[in-house]
Amino acid sequence: MSEKLPRPPGRVRHLAGSVSAVILLIGLSACQTSGPSDITGSLGDTAEATPAPADPRSDIATYHERVRANPKDTDAALKYARALRATGQRAQAVAVMEQAVLAQPSNKALLAGYGRALADNGNFQQAFDVLGRAHTPEDPDWRILSVQGAVLDQLDRHDEARQYYSSALKIVPDDPSVLSNLGLSYLLSKDLPKAEETLRRARERAPGDMRVRTNLAVVVGLQGRQAEAETIMKADLPPEQGSANVAALKRLLARRDASRTDSDKIPVATSGRD
C-alpha cells in the first residue's frame with residue numbers, strides 16, 4: 001500500500017470532524033460481504049423489522065401503489081420508505097413516514113421507521129425525539145436505544161450516547177452492533193485506543209460483518225499501524241475481494257485527508273448523519 005495512513009497525535013482533532021462527516025450510518029444488523037464504501041455504522045435499520053430491499057427501485061413502485069391503496073398499511077410504508085432511502089431519496093422517505101405516522105400516531109414500528117428516516121435526512125434532534133416515542137422505559141427496545149445513542153453521537157453528545165449504549169448492552173450483552181456503535185462513539189470523541197478495544201470485542205462476536213471490520217481497520221490505521229489495518233481488511237477473504245477491501249480503505253482515508261484542508265470548518269455530519 002503506497003499511500004500512508006495518517007498518524008494520530010497531531011491529527012486526532014481533525015479526525016472527529018472529517019470522520020463524522022463521512023459516517024453515513026448504513027446499518028449494522030446484517031452481514032455485508034462486499035467491499036465497504038464508507039466508514040459504516042451507528043444508525044442502521046435495526047429499529048425496523050423490514051429486510052433490506054433486493055431491488056429498491058422496483059420496490060418503490062410496488063410499495064408506492066400499496067401505500068396509495070391503503071395508507072394504513074404499516075409494512076408497505078416501512079418498505080417504501082426504506083427503498084426510497086436505499087436510492088438516496090431521503091427527504092421523500094421522511095415524507096412517506098410522516099404521513100404514515102399521521103395516520104397511525106401510536107404505531108411504534110412506524111415511529112421507529114420515521115425516526116430512522118429523519119436521522120438519515122440529517123434531522124437528528126427531531127429523530128431523537130421521535131425515537132423516544134417508539135418504545136417506553138417499561139418496555140425498552142435495545143435496537144432503538146442503540147439508534148438513539150447513535151443520533152446523540154451525531155449531535156456531539158457522546159457521554160449521553162454511551163448511556164444509551166450501556167442500556168442496550170444490559171438487554172443484549174456484547175451485541176456486536178451495539179459494540180460497533182460504541183466503538184464509533186469513542187472514535188468520534190478522539191479516544192482511539194478505547195475505540196479499538198471496543199471494536200475488537202465487536203469483531204470477536206461478528207467476524208463476518210464487514211462494517212465492524214472496516215471500522216476496526218480504520219481505527220487501527222489511524223494509529224499508524226498500516227500493515228495491520230490492511231491485514232484486518234483482507235483476512236479470510238479471496239484475494240480479489242481482499243484487494244478490493246484494501247482499496248476501499250484507501251479511498252475512505254483519502255476522503256479524510258482531502259477534507260482536512262478545511263477541517264476546522266467541517267460540520268459534524270450536518271446533513272448526512274444519523
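Just so you know, the residues in each chain are numbered from 1, in the order the chain's sequence is written. Local features in this predicted model are restricted to residues of pLDDT 70 or higher, and side-chain atom pairs are both shown and tallied only at a pLDDT of 80 or more, whereas totals for entire chains, interfaces and linings draw on every residue. The side-chain quantities take in all heavy atoms of the structure and omit both hydrogens and water.

*Asks:* Which residues make up helix α3 (residues 74-86), and what values go with them?
*Replies:* An α-helix turns once every 3.6 residues. As a result, residues three or four positions apart point the same way. Helix numbering and strand numbering both begin at the N terminus, where a helix is a DSSP run of H or I of at least 4 residues and a strand a DSSP run of E of at least 2. Expected span of a helix: the number of residues minus one, times 1.5 Å. Along its 13 residues, α3 runs 18 Å from first to last C-alpha, staying within 8% of the 18 Å computed at 1.5 Å per residue. Note on classification: 1.4 Å probe, protein chains only; a residue is buried when its accessible area is under 20% of the maximum for its type, exposed when over 50%, partly exposed between these limits. Residues Ala76, Ala77, Leu78, Tyr80, Ala81, Arg82, Ala83, Leu84 and Arg85 constitute the buried set of α3. Contacts between residues were defined by any pair of non-hydrogen atoms, one from each residue, lying within 4.5 Å. Those residues of α3 that are buried lie in contact with α2 (56-69), α4 (90-103) and α5 (108-120). Trailing α3 by a residue or two, Gly88 shows a phi angle of about 80 degrees, which is positive.

*Asks:* Just give me the short version of the nonpolar core, but keep the residues and values in it.
*Replies:* To qualify as a nonpolar core, a set must consist of buried Ala, Val, Leu, Ile, Met, Phe, Trp, Tyr and Cys residues joined through side-chain atoms within 4.5 Å. One finds Tyr80, Met97, Leu110, Tyr114, Val178 and Leu187 to be the most contacted residues of the largest nonpolar core, which totals 65 residues. Val178 has contacts with Trp142, Ser146, Tyr165, Ala168, Leu169 and Val172, leaving out every residue within four places of it along the chain.

*Asks:* Give me the lowdown on the pattern of salt bridges, citing residues and values where you can.
*Replies:* A pairing counts as a salt bridge when a side-chain nitrogen of Lys or Arg comes within 4 Å of a carboxyl oxygen of Asp or Glu. On inspection of all chains with the given rule, the structure shows 18 salt bridges. Between Arg66 and Asp73 there is a salt bridge; the shortest N-O distance is 3.0 Å. Classification of Arg66 by relative accessible area gives partly exposed; the value is 32%. The buried category is assigned to Asp73, whose relative accessible area is 17%. Linking Arg85 and Asp120 is a salt bridge whose minimum nitrogen-to-oxygen distance equals 3.6 Å. With a gap of 35 residues between them, Arg85 in helix α3 and Asp120 in helix α5 connect regions that are remote in the sequence. With relative accessibility at 9%, the residue Arg85 sits in the buried group. In the salt-bridge network here, residues are joined through shared partners; they are Arg66, Asp73, Asp75 and Lys79.

*Asks:* Provide a residue-level description of the environment of Leu199, including the pertinent values.
*Replies:* The topology assignment puts Leu199 in helix α10 (residues 192-205). Note on Leu199: relative accessible area 0%, which makes it buried. C-alpha separation for the pair Leu199 and Gly183, spaced 16 residues apart in sequence, amounts to 5.3 Å.

*Asks:* Tell me about the environment of Val67, and please be specific about residues and values.
*Replies:* Here Val67 lies in helix α2. Take Val67: its relative accessible area is 19%, and that puts it in the buried class. For the pair Val67 and Tyr80, spaced 13 residues apart in sequence, the C-alpha separation works out to 8.0 Å. For Val67, the residues in contact, after removing those within four places along its chain, are Ala76, Ala77 and Tyr80.

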